[in-house]
Structure formats: C-alpha cells, structure tokens
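Residue strings, one per chain:
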Amino acid sequence: MEAVASILLVIVSILLIGAVLLQSGKSAGLSGAISGGAEQMVGKQKARGLDAVLVRATVVLGTLFFLLTLLVAFFM
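The model shown is predicted, which means the values in this text are computed figures rather than measured ones. (Residues numbered from 1 in each chain as written. Predicted model: local features only at pLDDT ≥ 70, side-chain atom pairs only at ≥ 80, totals over all residues. Heavy atoms only, no water.)

### Things to note about the overall build of the protein chain
In step 1: Scanning the protein chain from N- to C-terminus turns up 4 helices and 0 strands.
In step 2: Overall, the protein chain shows an N-to-C arrangement of helices and strands of α-α-α-α.
In step 3: Put simply, 89% of the contacts in the protein chain that link residues at least 6 apart link residues at least 24 apart.
In step 4: Counting only carbon and sulfur atoms, one obtains 76% of the accessible surface of the protein chain, whose full area is about 5,800 Å². (Helix = DSSP H or I, 4+ residues; strand = E, 2+ residues; numbered from the N terminus. Contact = heavy atoms within 4.5 Å. Areas by Shrake-Rupley, 256 points an atom, 1.4 Å probe, with all protein chains shown as cover.)

As structure tokens, this is what we get:
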C-alpha cells in the first residue's frame with residue numbers, strides 16, 4: 001500500500017506542477033504592464049474556459065496531494 005501511495009504521490013505532484021505552470025498570471029507579463037488590464041475586458045474572453053478548468057484541476061490535484069501526503073506519512 002505504501003508503494004502505491006508513493007507512486008500516486010509522485011504522479012499527482014508532477015500533474016500539480018504542470019497545472020500551476022499552465023495557468024496565466026493576473027497581468028500576463030509585459031503585455032499586461034503596457035495595456036494596463038484593458039486586454040482582460042476584450043481579448044481574454046475565449047481563454048476564460050481554459051483558465052476555469054485549470055483552476056478546478058489545481059484544486060482537485062492539491063487536495064489529492066494533501067491526502068496522499070498524509071497517507072504516505074501515516075504508513076511510514
């Protein structure tokens with residue numbers, strides 16, 4: 001059971017890192033600094049669905065990471 005939980009923990013960790021890195025920031029780099037956030041009203045409407053999916057995936061993966069970490073710590 002400990003080996004399965006450890007393997008799942010590594011997989012969830014990699015997926016969580018990927019989900020966090022794929023998310024865009026509030027200002028989205030240099031373009032956000034120049035435009036001053038006007039891009040969020042006009043240009044970001046299509047990306048809202050992908051951002052919502054990434055946020056939900058991050059919450060689920062974070063919860064799984066927390067539970068698996070407790071499980072691995074309990075068995076050690």
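### Notes on the environment of Leu16
In step 1: By the secondary structure assignment, Leu16 is in helix 1 (residues 2-22).
In step 2: According to the relative accessible area criterion, Leu16 is buried, its value standing at 17%.
In step 3: Sequence-distant contacts of Leu16, that is, excluding residues within four places in its chain, are made with Thr58, Leu61, Gly62 and Phe65. (Buried < 20%, exposed > 50% of the residue type's maximum accessible area, 1.4 Å probe, protein only.)

### Side note on the packing of aromatic side chains
In step 1: Under the definition given, this model contains 1 aromatic pair.
In step 2: When the centroid spacing of 5.7 Å and the interplanar angle of 65° are considered together, the rings of Phe74 and Phe75 count as edge-to-face.
In step 3: Residue Phe74 is classed as exposed on the basis of its relative accessible area, which comes to 67%.
In step 4: Taking relative accessible area as the criterion, Phe75 reaches 37% and is therefore assigned partly exposed. (Phe/Tyr/Trp six-rings, centres within 6.5 Å; stacked < 30°, edge-to-face > 60°.)

### Let's talk about helix 1
In step 1: Between its first and last C-alpha atoms helix 1 spans 30 Å; for 21 residues at 1.5 Å apiece the expected length is 30 Å, and the two agree.
In step 2: Ala5, Leu9, Val12, Ser13, Leu16 and Ala19 are the residues of helix 1 that are buried. Relative to the axis of helix 1, the buried residues are bounded by an arc of 135° and lie together on one face. The outward face of helix 1, more than 90 degrees from its buried face, is lined by the exposed residues Ala3, Ile7, Ile14, Ile17, Leu21 and Leu22.
In step 3: Buried-residue contacts for helix 1 involve helix 4 (48-75). (Expected span 1.5 Å × (residues − 1). Arc of directions from axis to C-beta.)

### Overview of the nonpolar core
One broad trend across soluble globular proteins is that nonpolar side chains are buried collectively.
In step 1: In terms of nonpolar packing, the biggest core is built from 8 residues, these being Ala5, Leu9, Val12, Leu16, Ala19, Leu61, Leu68 and Val72.
In step 2: Residue assignment for this core shows that the elements contributing at least two residues are helix 1 and helix 4.
In step 3: In terms of residue count, helix 1 provides more of this core than any other element does, 5 residues in total.
In step 4: If near-sequence neighbours (up to four positions away) are discounted, Leu9 is found in contact with Phe65, Leu68, Thr69 and Val72. (Core = buried A, V, L, I, M, F, W, Y, C linked by side-chain atoms within 4.5 Å.)

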